[in-house]
Each structure stands twice: as structure tokens, then as C-alpha cells.
Amino acid sequence: MTARKSLVISLYFAIAFTISPMFSFAQAHEQEEKSLQEAEEEFNATDMIMHHIGDAHGWHFFGEGDSSVTLPLPVILYTDGELVTFMSSEFHHDTEGQHIVEKDGMRFVNLHEDIYKLDAGAETIEFDEEHHPLNASKPWDLSITKNVAAMFLTVILMILFFSVGLARHHKKNEHAPRGFNNVLETLVLFVRDEIALPQIGEKKYMKFMPFLLTVFFFIWITNLMGLLPGAANVTGNIAVTVSLGLFTMLIMIFNGNKDFYKHTFWMPGIPTWVKPILAIVEGLGLLIKPAALMIRLFANITAGHIIILSLIGLIFILENAGIAGVSVPFALFITVLELLVAFLQAFIFTILSALFIGMAVEEHEHH
């Protein structure tokens, strides 16, 4: 793919992501006015931004209400020893707890993408002064939400790219791949030569290559998909980044050798009375390192989306279409920058994971 084609594709995605929220914001504002019986209300930028970067039980693309285009997803709930399943479309796009879904003698409502089960005999959900439900409780929610569906899609793409595409080519051909497979192979070699080998070492790097490749491409692909209009903000979900950080921590802990734990909990060459203090500090470091990984990824991806949505939201906050002449170009610039950030965050997470693993498996010279 030439540099010109890459630039054109990048600009297309950037423009599409920047302009599409303008229509959904206007439609969301109109729907909000209808739901409040045509009462005048100021545009709430916080609610709008949190709605667009948050998870949901249906995959909404554009439009509002009955005219919206939404992919329904399975709602899977465990309550009172029973598993209750139905499609999110049965809520009829309601997230205010107004529409009740009856299943197996139980009633459920969707309140801001949290599913509640109404108490026996309750006809509608009731709230206290702080808008907390009084007559409903949360069941165990095992639903396939938008973020989960996006992760499944990412996994399917990775299987197609590598197992069906690149691996099949090398199985049938001895010559170097061309086109997209060549790009994939270049990236695989990049992870091996620039990340795994320098950080882990030539003797042990191959053992951790599957993990490093999976993490790198999973983060990169989900980040790129998150820039598409209506896409899921997967790595902007703290639960996802926590899981990725935990994988790195567990691999580091279970593969750490004797020297690693000796230098962590009973560092040689220092006064004995200092060793317990350093053992506490270094022990906390085993948790702080993966925590830094997850927070960095979550914060950078979420911040990028918030900045773009905030710039577009200025048009509605100030109620002046002329602001679009400034906010839209700035949002377009940030979106193009996010294409770089998508790769950069995948690279940083992978190289730091490799560094932490390399520290755990490193063999120290004994004198």
C-alpha cells in the first residue's frame, strides 16, 4: 500500500469519525427533549461523552429511537438461581428504565445500561432523592455487550489474518509473502527483533512471543476499530486493561526465577535491617508495574476520545454553528493523531510487558 493511499484511508476514517458524532449529538438532543415532554434543557456534554465512550447492551451505529440503526446483542442474566436470556432489542432502545421486559415471571429494565430486576409486584421502577432504585436489584450480568462483541470481532480478524492468511501462505509457499501478508510479517518481525529479543534475551524470548504478538495486535486492532464511527471503545474500558495487565503480572510471577525473587525479597549486598523495607517496596512493585500498564493504556485511549467529543460538543454547548469552523478541524487533527496513538500504545504496552518479563527471567552472574 503506497503512502498516498495510506494517507487517504487515514483521512477518510478521521473525517468519518469527526463528522458522524455531529448528527448523533443533534438527534440525541432532540430525543432528550421529547422524553422530557418538550421541556427546555441545556446540552449536557458530560452525559453525551460518557454515553459515547461507555459500554452498552446493543451496538448502536447512528440514529435515535425507533429510527436508529442498532445491532441487538444477547442479554444474559443470572438471578434467583436461574439463567435468563433475551435480546437487547426487547428494551426498544430504552435506557431510562421505562420499558419493562418480562421473562420467566421476572421483570427487567435497562437503566443507563445497567440491567435491574424489579421486585415482585412492582410495575415501574422507583427512585430515591439521589435517583437510586428503591424497588429493584442488579442480577449477575453476563451479557455480550458492545465491548465484548468488539473483542470477539478482533479475535476473528486476528485468526483470519494470521492462521488463515499468513500461516497458510508459509505452509504452501517458500517465497516471501506479498501485499497485506507482507505487512503482517513485517510487524511480526518488528515485535520479535525490536521488542522480544532486546528485552528478554535470545535464549528465552521465543517462549513469550505468542503472548507478546497477541497483546500487540489485539491492542492495535481494537484501537483502530475504536476510531470508526459507532465503534466500541474497548481499550478505553478499565476492565479490559486490568485484564491485560493481570496477564502480564501472572506471566512475570510464574516465570520468575530464583535470582529474580532473591533480588526482589532479600536483595544481597545491602545491610540486613534494610532488606525487609526493600522487600515490601519491591513486593509492591510486582503490583505497581502491571497497574501502570493498565492505567497508561486506559487513560491515553479514553483521553483521545474525550478530547474529540468535547471539541464537537462545543458546537452545541455554545449553540453556535460557526464554532464548527474551529472545532471540526481541531477534532480532525486529533483524530489523525489518534491513528499514531493507536500504534504507539500497543507498542508501549508490549515493550513494557517484555521488559518486566525479561527482568523476571534474567539469569544473574554469580561470583
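For the structure itself, consult the block above.
Residues numbered from 1 in each chain as written. Predicted model: local features only at pLDDT ≥ 70, side-chain atom pairs only at ≥ 80, totals over all residues. Heavy atoms only, no water.

### A look at the overall build of the protein chain
And then number 1: A tally of regular secondary structure across the protein chain gives nine helices and nine strands.
And then number 2: Counting across all 367 residues of the protein chain, residues that qualify as buried make up 39%.
And then number 3: The contacts in the protein chain between residues at least 6 apart in sequence include a share of 58% that link residues at least 24 apart.
And then number 4: For the protein chain, the computed accessible surface area is about 20,900 Å², with 64% contributed by carbon and sulfur atoms. (Helix = DSSP H or I, 4+ residues; strand = E, 2+ residues; numbered from the N terminus. Buried < 20%, exposed > 50% of the residue type's maximum accessible area, 1.4 Å probe, protein only. Contact = heavy atoms within 4.5 Å. Areas by Shrake-Rupley, 256 points an atom, 1.4 Å probe, with all protein chains shown as cover.)

### What to know about the sheet that holds strand E4 (residues 82-87)
Hydrogen bonds between backbone groups are what pair the strands of a sheet, and the pairing can be parallel or antiparallel.
And then number 1: Strand order in this open sheet of three strands is E4-E3-E9, and the pairing throughout is antiparallel. Because the sheet does not close on itself, it has two edges, and the strands there are E4 and strand E9 (140-141). (Pairing = 2+ DSSP bridges.)

### Describing the nonpolar core
And then number 1: Counting residues in hydrophobic clusters, the biggest one holds 49 residues, and the most contacted among them are Ile 200, Phe 217 and Ile 219.
And then number 2: Within the residue set of this core, elements represented by two or more residues are helix H3 (146-172), helix H4 (180-200), helix H5 (205-225), helix H6 (238-255), helix H8 (275-317) and helix H9 (324-361).
And then number 3: Ranked by the residues each element gives to this core, the list is headed by H5, at 14 residues.
And then number 4: Not counting residues up to four positions away in its chain, the partners in contact with Ile 200 are Tyr 205, Phe 208, Leu 212, Ala 354, Ile 357, Gly 358 and Val 361.
And then number 5: Grouped together as the second largest cluster of nonpolar side chains are nine residues, Val 75, Phe 91, Phe 108 and Ile 115 included. (Core = buried A, V, L, I, M, F, W, Y, C linked by side-chain atoms within 4.5 Å.)

### A word on the sheet that holds strand E5 (residues 101-103)
And then number 1: As summarised here, the arrangement of the four strands in space is E5-E6-E7-E8, forming an open sheet in which the pairing is antiparallel. Strands with a single pairing partner mark the edges of an open sheet, and in this sheet they are E5 and strand E8 (136-137).
And then number 2: Bridge count for E5 against strand E6 (residues 106-111) is three bridges, and the pairing is antiparallel. Paired with Lys 103 across the two strands is Met 106, which belongs to E6.

### A word on the pattern of salt bridges
And then number 1: Taken as a whole and assessed by the stated rule, the structure comprises six salt bridges.
And then number 2: Lys 117 is the partner of Asp 80 in a salt bridge, and the nearest nitrogen-oxygen pair spans 2.1 Å. Linking Asp 80 in the loop between strand E3 (74-79) and E4 with Lys 117 in strand E7 (residues 114-118), this pair joins segments that are 37 residues apart in sequence.
And then number 3: As a salt-bridge pair, Lys 103 and Glu 90 come within 3.3 Å of each other at their nearest N and O atoms. Taken together, the positions of Lys 103 in strand E5 and Glu 90 in the loop between E4 and E5 put the pair 13 residues apart, joining distant regions of the chain.
And then number 4: The class for Lys 103 is partly exposed, based on a relative accessible area of 25%.
And then number 5: Taken together, the shared-partner salt bridges connect Glu 102, Arg 107 and Glu 123 into one network. (Salt bridge = Lys/Arg side-chain N within 4 Å of Asp/Glu carboxyl O.)

### Some remarks on the pairing of E6
And then number 1: Extensive coverage of E6 is indicated by the burial of five of its six residues.
And then number 2: Here E5 folds back onto E6 in antiparallel fashion, the turn holding two residues, of which Asp 104 has a positive phi close to 55°.
And then number 3: The sheet contact formed by E6 and E7 spans four bridges and is antiparallel. If you follow Asn 110 over to E7, its bridge partner there is Ile 115.
And then number 4: With antiparallel pairing between neighbouring strands as the criterion, E6 and E7 make up a hairpin whose turn holds two residues, including His 112 at a positive phi of roughly 55°.

### Details of the packing of H3 against H5
And then number 1: At a minimum axis separation of 10 Å, H3 and H5 run at an interaxial angle of 120°. As judged from the angle between their axes, H3 and H5 are oblique. Once H3 is placed against H5, the crossing between them reads as right-handed. Every residue of H5 that contacts H3 at Ala 150, Met 151, Leu 153, Thr 154, Leu 157, Met 158, Phe 161 and Phe 162 is listed here: Thr 214, Phe 217, Phe 218, Ile 221, Thr 222 and Met 225.
And then number 2: For the contact of H3 with H5, the class distribution of residues is eleven nonpolar, three polar and no charged. (Axes fitted to C-alpha atoms, helices over the stretch in contact; angles between N-to-C directions. Parallel < 35°, antiparallel > 145°, perpendicular 65-115°, else oblique. Left-handed = near helix turned anticlockwise from the far one by under 90°. Nonpolar A, V, L, I, M, F, W, Y, C, P; charged D, E, K, R; others polar.)

### Quick word on unusual backbone geometry
And then number 1: If you check the backbone angles, His 112 has positive phi at about 55° while not being a glycine.
And then number 2: Along the polypeptide, His 112 turns up in the loop between E6 and E7.
And then number 3: The backbone of His 131 sits at a positive phi, close to 65°, despite the residue not being glycine.

### Observations concerning the packing of aromatic side chains
And then number 1: If you walk through the whole model with that rule in mind, you get 14 aromatic pairs.
And then number 2: Seen from their ring centres, Phe 161 and Phe 180 are 5.0 Å apart, and the 70° between their planes marks the pair as edge-to-face. Highlighted residues: Phe 161 in helix H3 and Phe 180 in helix H4, separated in sequence by 19 residues.
And then number 3: Relative to Phe 217, the ring of Phe 162 has its centre 4.7 Å away and its plane inclined at 65°; by these criteria the two rings are edge-to-face. One end of the pair, Phe 162, is in helix H3; the other, Phe 217, is in helix H5, and 55 residues separate them in sequence. Here the two residues Phe 162 and Phe 217 agree in accessibility, since each one is buried.
And then number 4: In textbook terms, an aromatic cluster arises when at least three aromatic residues are bridged by ring pairs, as seen for Phe 162, Phe 190, Phe 216, Phe 217, Trp 220, Phe 343 and Phe 347. (Phe/Tyr/Trp six-rings, centres within 6.5 Å; stacked < 30°, edge-to-face > 60°.)

### Looking at the environment of Met 206
And then number 1: Position of Met 206 among the secondary structure elements: in helix H5.
And then number 2: Considered as a pair, Met 206 and Ala 196 are ten residues apart in the sequence and their alpha carbons are 8.0 Å apart.

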